[in-house]
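Single-letter residue listing:
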Amino acid sequence: MITEKLPNNVETRLNDFFTDKIDTKEMAKIIREVNNALSLCVMRGCETIESEIKNIDDNFYWLNKLAEVLDPYLET
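Residues numbered from 1 in each chain as written. Predicted model: local features only at pLDDT ≥ 70, side-chain atom pairs only at ≥ 80, totals over all residues. Heavy atoms only, no water.

### Observations concerning the overall build of the protein
Helix and strand counts for the protein stand at 3 helices and 0 strands. Along its sequence from the N terminus, the protein presents helices and strands in the succession α-α-α. Each of the 76 residues in the protein was classed as buried or not, and the buried ones make up 22%. Expressed as a percentage of contacts within the protein between residues at least 6 apart in sequence, the contacts between residues at least 24 apart total 63%. (Helix = DSSP H or I, 4+ residues; strand = E, 2+ residues; numbered from the N terminus. Buried < 20%, exposed > 50% of the residue type's maximum accessible area, 1.4 Å probe, protein only. Contact = heavy atoms within 4.5 Å.)

### Structural notes on the confidence of the model for the protein
On average, residues of the protein score 79 in pLDDT, and 84% of them reach the 70 mark or higher. Per-residue pLDDT, averaged within each element of the protein, yields its smallest value for helix 3 (residues 53-70) (78) and its largest for helix 1 (residues 8-21) (90). (pLDDT = per-residue confidence, 0-100.)

### Describing the packing of helix 1 against helix 3
Running from N to C, helix 1 and helix 3 cross one another at 150 degrees; their axes reach a closest spacing of 8 Å. Between helix 1 and helix 3, the angle is such that the two are roughly antiparallel. Residue-level inspection shows Val10, Arg13, Leu14, Phe17, Phe18 and Lys21 of helix 1 in contact with helix 3, the latter providing Trp62, Lys65, Leu66, Glu68, Val69 and Leu70. Across the contact of helix 1 with helix 3, the residue classes tally to 8 nonpolar, no polar and 4 charged. (Axes fitted to C-alpha atoms, helices over the stretch in contact; angles between N-to-C directions. Parallel < 35°, antiparallel > 145°, perpendicular 65-115°, else oblique. Nonpolar A, V, L, I, M, F, W, Y, C, P; charged D, E, K, R; others polar.)

### Structural notes on helix 3
Under the 1.5 Å per step criterion, the end-to-end length of helix 3 is 25 Å for 18 residues, consistent within 8% with the ideal 26 Å. Residues of helix 3 that are buried: Ile56, Asn59, Leu66, Glu68 and Val69. (Expected span 1.5 Å × (residues − 1).)

### Section: the pattern of salt bridges
A side chain of one charge can pair with a side chain of the opposite charge when the charged atoms of the two come close. One pass over the full model with this rule turns up 1 salt bridge. Here Lys5 ties to Glu11 by a salt bridge, and the two come within 2.8 Å at their closest N and O atoms. Judged by its relative accessible area of 60%, Lys5 falls in the exposed class. (Salt bridge = Lys/Arg side-chain N within 4 Å of Asp/Glu carboxyl O.)

### A closer look at the packing of aromatic side chains
Taken as a whole and judged by the stated rule, the model has 3 aromatic pairs. Look at Phe17 and Trp62: their rings are 6.1 Å apart centre to centre, the planes differ by 65 degrees, and that puts the pair in the edge-to-face class. Here Phe17 is found in helix 1, whereas its partner Trp62 is found in helix 3, with 45 residues between them in sequence. Here the aromatic rings of Tyr61 and Trp62 are separated by 5.1 Å at their centres, their planes lie at 80 degrees, and the arrangement is edge-to-face. Cluster of aromatic residues (ring-pair linked, three or more members): Phe17, Phe18, Tyr61 and Trp62. (Phe/Tyr/Trp six-rings, centres within 6.5 Å; stacked < 30°, edge-to-face > 60°.)

### Considering the environment of Ile22
By the secondary structure assignment, Ile22 is in the loop between helix 1 and helix 2 (24-44). Sequence separation between Ile22 and Leu66 is 44 residues, and the spatial gap between their C-alpha atoms is 9.9 Å. For Ile22, the residues in contact, after removing those within four places along its chain, are Phe17, Met27, Ile30 and Trp62.

And the structure:
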C-alpha cells in the first residue's frame, strides 16, 4: 500500500469535489454499483448490462470526474 501524502493541490481538489459535487458515501456506493454490474456482466455473459445501462452511464460519469480530480487529464 502506498503511504505517501497526497500533494496539496490533489488534496484540495478532492476536498472540493467531495464537499461541492458528491458525498463520499454516495461515491463509494457508485463505485460498488459499477463493480457489481461489471462483475455480473462478466459472469452472466453480459445479459445484466442491458438493465443497468442508465446506472452504469451515471456512475461512469462520476468515476471519470473523480479521475479528473485525482489526475487532471481532460481539462485544458
